[in-house]
Amino acid sequence: MSAVEARRAGAEKLIVVPYSRVSPAAVATNMILILLGSFFLLPMLWMVFASVDSNPDWAIKLPTPTLANFTDVLGRADAISSFRSSLILAGTTTVVTTVLAVLAAYPLSRMHIPFKRAFMLAILFASGLPVSMLIVPVYQMYVYFGWLDSLYTTALFLAASSLPFAIWLMKNFIDAVPAELEQAAAIDGASTARILRELVLPLTLPGIAVTAIYTFINAWGAFIIPFVLTYSPDNQPGPVEIYNFMGSHGLFKFGDLAVFSLLFSVPVIVLYLFMSRYFSGAFNFGGAVK
Amino acid sequence: MLSEVRFEGVHKIFGTETAVEDLNLRVNAGEFLVLVGPSGCGKTTTLRMLAGLERPSYGRILIGDKLVNNVSPRFRDVAMVFQSYALYPHMNVYDNLAFGMRARGAAGSVIAQRVKETAEVLGLAQLMKRRPSELSGGQRQRVALGRALIRQPQVFLMDEPLSNLDAGLRVQMRAELSRLHERFRVTTLYVTHDQVEAMTMGDRIAVMNSGRLQQVDAPETLYDNPANIFVAGFIGSPRMNFVRGSLTTTRGVAAVEFLGVTTPLSSRAKLTAEAADGAVTVGLRPEDLMWRRAAPPESTLTLSAEVDVVEPMGHEAYVTAVCAGETVTSRFPPRSGVRTRDRIELALNPARLHLFDARSGNTILQRPVAGGAELPRSVGEARVDESEEGRSERQREPHTRSAQSRAEEIS
Ligand SMILES: Nc1ncnc2c1ncn2[C@@H]1O[C@H](COP(=O)(O)OP(=O)(O)O)[C@@H](O)[C@H]1O
Ligand SMILES: [Mg+2]
């Protein structure tokens, strides 16, 4: 058999897989994804359209443009006060959670602690528990302590419920900082305070920022906890206020609702963009260790 | 301000694993001592105990005359170059160098001056504004070195600082480190797994294996008089050949038989007390096992062998041959023309033999060192001698060592 013949024989053995441009499986997958996506996107579309529509209703329709809804909402005292409440609630929660998470995560990352693994797993489990499960006993506790209807005490429980995940997140960020850096600094003669201030803090700052932003976004959107633990109109944060827009104000004011929702989403979007910068590798430990 | 460093009966146990076992070692003031051994033998652990990053499970560590077991790293006045360099990633070169002096509260102008000097010594002056991530491997290594140098500590600790550099840079940095030590004479404990680094840089070399110190000696002594098979095999490239042999003593004359030949032992070499007639392991360095045609007249023993592999190195060639059923490597001149399956004659100087106890692996032949003077040497049968209260790094001597030589050693 000559070389040419051999090659021909080889070519005949090739199996040609027919290439179909659109397989039914791909069509189905994409349909499902589009369907799921529209569950998220259509309400947002409605929110944008309705906010500038002079006569909005349930339907998604091209608006008859107006800014009346905006002036209306910005003139409402309850809308403004709910922003203030949300800021206090989410801000306090974020500060408390972040500080405690850093303080807890550092030793969990660096020190030899008995039953550390079990503890971390318990934390992970706790971070998955739905808070609504606990809301009744917590309500009773707040009644007992006389803590009801205060944004700061409400923030305390929000902080408690966001702490497990924040610790978990923070520990992973601290784990990523090589312990040898701290050892090198100690040999260099640095005190613990200096090591924390000049090494640990700057190197974990992205992690702290991410933890804080994540906590803030969650607290900003928290509904059930403030809904149960606060009652006076001045203390209603945004999500509860939106609920009130829909229910107790009698008839629906779709335009106001859409504007309020839109304005309320702005901080979340801004913070999200800010956070994504850290995740896209704006910071790394290049050159620290080989 | 030169300080010596002493480990006295130091153990380090991690859970069930003994990383360092009964370490007795002295680094003399101003000495460059290289700690060498295969990966995982406990070198880093030893260094970290001296730095204060690990606490010894047992034993004492002294810097100067001060017991430092309970002194935190911050107050030990040592500087360490980590295997990983551990540069501060968010600081530029200047701040990396200045960090230690700032931490110790030096004045700004003093710091600037010292950083400038150090950077000049290490050729970093152009890189002061760069972060570690913007430096090459060699430059990072220099910064790590600079961070240690700038401090003028009592002791330098270096953990395989050259292991991540490419070959050319490694040779260059080796020379540079030796030069820096010449200049500043700071007591240095230098860890490596590379025997070439150990031989070229060390005033003395400490060989470690599986957590135990095997031998501490000057490079040539270590090479000529390895305390046991491990040291003999670890130091030297190509590796020493080990072949089976047997020792016989007739009318007070010891002779050893190996590879089909028998030779009386040189009258200048002394057998240790452990030596007994019977099976021994004979060690032959490849450079002592020569091609008959290229051998000097002292190589009186002739062995016949069949060539297995020839590895030309350019300036020489390694020839692996089978001789009396054992495979041995010898160093040949280049272009000898021998090929696989050739029958060749190898020549050996009987004075260059090494003999080891077949079971314990300890040397049983005390060979005279070049020049004839017997230097004190230490053997790795590490047990603290109670009478010495663990005061010296010398391990218990072979029992044959005379009281006289022991006295010489102490004086
Ligand atoms: N923190 C630790 N925990 C448990 N085992 C360790 C630890 N550090 C080192 N070891 C063990 O001790 C032995 C010696 O390690 P090391 O000193 O790093 O060796 P070398 O530096 O000579 O390569 C190794 O077997 C290693 O697995
Ligand atoms: Mg190591």
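Refer to the preceding data block for the structure.
For clarity, every value in this text was computed on a predicted model and none was experimentally measured. (Residues numbered from 1 in each chain as written. Chains lettered and ligands numbered in written order. Predicted model: local features only at pLDDT ≥ 70, side-chain atom pairs only at ≥ 80, totals over all residues. Heavy atoms only, no water.)

Caption draft 1: Structural context of the interface of chain B and chain A. In this assembly, 31 residues from chain B lie in contact with 23 residues from chain A. Roughly 2,300 Å² is buried in total at the junction of chain B and chain A, and carbon and sulfur atoms are behind 60% of that figure. Where chain B meets chain A, there are one salt bridge. A salt bridge links A:Asp188 to B:Arg151, with the shortest nitrogen-to-oxygen separation between them at 3.4 Å. Seen at the junction of chain B and chain A, the total is 11 residue pairs in polar contact (both at pLDDT 80 or more). When residues of the side of chain B that touches chain A are traced back to their parent elements, those giving at least two are helix H1 (43-51), strand E6 (78-81), helix H2 (93-103) and helix H4 (137-149) of chain B. The leading source of residues in the side of chain B that touches chain A is H2(B), at four residues. (Contact = heavy atoms within 4.5 Å. Buried area = accessible area lost by both parts, 1.4 Å probe. Salt bridge = Lys/Arg side-chain N within 4 Å of Asp/Glu carboxyl O. Polar contact = N/O pair within 3.5 Å; in protein donor to acceptor, adjacent residues only side chain to side chain. Helix = DSSP H or I, 4+ residues; strand = E, 2+ residues; numbered from the N terminus.)

Caption draft 2: Focus on the sheet that holds strand E1 (residues 5-14) of chain B. Residue and element names in this part refer to chain B. Spatial ordering of the open sheet is given by E2-E1-E4-E5, a layout of four strands whose pairing is antiparallel. Two strands bound the open sheet, and with one partner strand each, they are strand E2 (17-27) and strand E5 (66-67). Note that strand E4 (residues 58-63) and E5 share two bridges and pair antiparallel. The partner of Ile63 across the bridge, within E5, is Lys66. Strands E1, E2 and E4 of the sheet are contacted by H1, whose axis makes an angle of about 115° with E1. (Pairing = 2+ DSSP bridges. Axes fitted to C-alpha atoms, helices over the stretch in contact; angles between N-to-C directions.)

Caption draft 3: Spotlight on the site of ligand 1. All names here are of chain B. Around ligand 1 lies a shell formed by Phe14, Glu17, Ala19, Ser39, Gly40, Cys41, Gly42, Lys43, Thr44 and Thr45. The backbone of Gly42 places a nitrogen or oxygen atom 3.0 Å from an oxygen atom of ligand 1. For ligand 1, an oxygen atom lies 2.5 Å from a polar atom in the side chain of Thr45. In isolation ligand 1 exposes 560 Å². Once the protein is present, 62% of that is buried. Considering every element that reaches the shell around ligand 1, the biggest residue donor is H1, with three residues. (Near = heavy atom within 4 Å. Areas by Shrake-Rupley, 256 points an atom, 1.4 Å probe, with all protein chains shown as cover.)

Caption draft 4: Representation of the sheet that holds strand E13 (residues 261-264) of chain B. Residue and element names in this part refer to chain B. Pairing in this open sheet of five strands is antiparallel, and the strands run E13-E12-E11-E15-E21 from one edge to the other. Unpaired on one side and paired on the other, E13 and strand E21 (354-357) mark the two borders of the sheet. Within this sheet the neighbouring strands show an average axis-to-axis angle of 35°, counted without direction.

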